[in-house]
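Chain by chain, the residues:
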Amino acid sequence: MTGRRLLTYGLPLLAGLKEDDLAGIPLNFKEKNLDPWELLFNHEDSSRDVYFLLSGALLAVYWTKEGREVIFSRFATGSYLGELSALDGGHRSLAVVARSPAKVLILPQAAFLDLFDKVPVLRTRIARDLVARIRALTARNLELTTFSVEQRVASFLIGLAMERGRLEIGGILDDAPTHAEIAASIGANREMVSRTMTKLGRRGLLKSSRQRIELLNPGALSEVV
């Protein structure tokens, strides 16, 4: 397949690249549809493909031996994932599941490594993304060890609103994570998150319903953190 077809997807990682930039690189990618909660790959899998999210929502999760779910990442449309195993040849560090019906583009390891080696701007973007991920994990570790549950919930909601461009009075977060998903993301349990959301609502900071959150006072919510 040609670089021209790959560029038609409008993937952020490839933004600004021209067909000539991809000339001579074999790109035998394909698409795959996922049903809700279908597993894309599991923890410790030996697959090496890289995936781009074309539509829907994906979660990177880890299940403990006791069966507790820990959510590490939510992927936005256009995001890529699986690059760590492609780069170092190691097993998958987390499982990835579809939170809703989703479509992914699958790029084999060899094609991804060719792009990484032969397209400098792409290599720089990947390196910067990896650095950003390290910084985010460092910040998350700090929150887990020093923040209260209320502070962690507020920080999570602020981050989600910023990610979606909705950090404003009256900002609506549709298809918001459930209380169980928020809990799995911040190292708490669902009951604690539910109590915190109710408390924040009573203080006039937000209004929540089933998978919908309205920010009534994002400034005051930021002060919780």
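The structure under discussion appears in the preceding block.
A brief look at the structure comes next.

Things to note about the environment of tryptophan 37
Thought 1: Tracing the backbone shows tryptophan 37 in the loop between β1 (30-34) and β2 (39-41).
Thought 2: By relative accessible area, tryptophan 37 is classed as partly exposed at 49%.
Thought 3: The residues contacting tryptophan 37, other than those within four sequence positions of it, are Leu59, Val97, Ala98, Arg99 and Glu181.

As for a nonpolar patch on the surface
Thought 1: Together, Tyr62, Phe72 and Leu137 give the surface a local cluster of nonpolar side chains, amounting to about 260 Å² of exposed area.
Thought 2: Mapped onto the secondary structure, tyrosine 62 falls in strand β4 (residues 58-63).

Description of the pattern of salt bridges
Thought 1: Applying the stated criterion across every chain, the model contains 11 salt bridges.
Thought 2: Connected through salt bridges with shared partners, the residues Arg99, Asp175 and Glu181 form a single ionic network.

Concerning the sheet that holds β2
Thought 1: The antiparallel open sheet is built from four strands, whose spatial order is β2-β7-β4-β5. With one partner strand each, in any of the chains shown, β2 and β5 (69-75) form the two edges of the open sheet. Across the sheet, the axes of successive neighbouring strands diverge by a mean angle of 35 degrees, strand direction being ignored.
Thought 2: Examined bridge by bridge, β2 and strand β7 (residues 95-98) share two bridges and lie antiparallel to one another. Residue pairing in the sheet places leucine 39 in a bridge with valine 97 of β7.
Thought 3: Relative to the sheet, helix α6 (residues 179-186) contacts β4 and β5, its axis offset from that of β5 by approximately 100 degrees.

Rules used throughout
- Residues numbered from 1 in each chain as written.
- Predicted model: local features only at pLDDT ≥ 70, side-chain atom pairs only at ≥ 80, totals over all residues.
- Heavy atoms only, no water.
- Helix = DSSP H or I, 4+ residues; strand = E, 2+ residues; numbered from the N terminus.
- Buried < 20%, exposed > 50% of the residue type's maximum accessible area, 1.4 Å probe, protein only.
- Contact = heavy atoms within 4.5 Å.
- Patch = residues over 30% accessible without salt bridge, like charges linked within 9 Å, V, L, I, M, F, W, Y side chains within 5 Å.
- Areas by Shrake-Rupley, 256 points an atom, 1.4 Å probe, with all protein chains shown as cover.
- Salt bridge = Lys/Arg side-chain N within 4 Å of Asp/Glu carboxyl O.
- Pairing = 2+ DSSP bridges.
- Axes fitted to C-alpha atoms, helices over the stretch in contact; angles between N-to-C directions.

Purely geometric stuff here, so don't read any function into it on its own.
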